[in-house]
Amino acid sequence: MLLQVDRGAGTASSLMIFLYFIVAAFAMWFISLDWTGTIHVIARMAIFSALFVLAIWLPMVKKLDLNAGE
């Protein structure tokens, strides 16, 4: 994002920091809910997010054919 603007980098940086704070506030709210096992919730979220990224990444590699240049 910062590489695409030739001026106003302060505005782009402020927007990015604002979004980081919003995501962090949401994450803190979500994990502070009354879970019976907070550690289990965090572990399940870590496993689910890793599987989600893998499920998106594998078809994307096939679609982009990143190994074609070798």
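Starting from 1, residues in each chain are numbered consecutively following that chain's sequence as written. Local features in a predicted model are, by the rule used here, given only for residues with pLDDT of at least 70; side-chain atom pairs are given and counted only at 80 or more, and totals for whole chains, interfaces and linings are based on all residues. The side-chain quantities take in all heavy atoms of the structure and omit both hydrogens and water.

1. Considerations on the overall build of the protein
This is how the line gets drawn: Put simply, DSSP marks the helices as runs of H or I at least four residues long and the strands as runs of E at least two long, and each gets a number from the N terminus on. Accessibility here uses a 1.4 Å probe with only protein chains present; expressed as a share of the type maximum, an area under 20% marks a residue as buried, one over 50% as exposed, and anything in between as partly exposed.
Looking only at helices and strands, one finds 2 helices and 0 strands in the protein. Looking at the 70 residues of the protein, the share that counts as buried comes to 4%.

2. Topic: helix α2 (residues 38–64)
Given 3.6 residues to a turn, an α-helix orients residues that are three or four positions apart in the same direction. Inclusion rule: Multiplying 1.5 Å by the residue count of a helix minus one yields the expected span of that helix.
Between its first and last C-alpha, α2 extends 38 Å over 27 residues, near the 39 Å set by a 1.5 Å rise per residue. Immediately beyond the C-terminal end of α2, within one or two residues, lies Asp65, with a positive phi of roughly 50°.

3. Here's the deal with a nonpolar patch on the surface
Put simply, the rule reads: Think of a patch as exposed residues, more than 30% relative accessible area, with no salt bridge, where like charges cluster within 9 Å and nonpolar side chains (Val, Leu, Ile, Met, Phe, Trp, Tyr) cluster within 5 Å. Note on areas: Shrake-Rupley with a 1.4 Å probe; residue coverage comes only from the protein chains shown. By salt bridge we mean one thing: a side-chain nitrogen of Lys or Arg within 4 Å of a carboxyl oxygen of Asp or Glu.
Judged by side-chain polarity, Ile47, Phe48, Leu51, Phe52, Val53, Leu54, Ile56, Trp57, Leu58, Met60 and Leu64 come together as a nonpolar surface patch covering roughly 1,100 Å² of accessible area. Relative to the assigned elements, Leu51 resides in helix α2. Here Leu51 falls in the exposed class, since its relative accessible area comes to 53%.

4. Some words on the packing of aromatic side chains
Using the following cut-off: Here a Phe, Tyr or Trp ring, Trp counted by its six-membered ring, pairs with any other such ring whose centre lies within 6.5 Å, and the pair is stacked when the planes are under 30 degrees apart, edge-to-face when over 60, and tilted otherwise.
In the structure shown here, the tally under the stated rule is 5 aromatic pairs. Pairing Trp29 with Phe30 gives two aromatic rings, centres 6.5 Å apart and planes at 50°, and the pair type is tilted. With relative accessibility at 47%, the residue Trp29 sits in the partly exposed group. Residue class for Phe30 comes out partly exposed when judged on its relative accessible area of 27%. Where Phe30 meets Trp35, the ring centres are 5.3 Å apart and the plane angle is 65°; that geometry is what we call edge-to-face. Members of the aromatic cluster, connected to one another through ring pairs, are Phe26, Trp29, Phe30 and Trp35.

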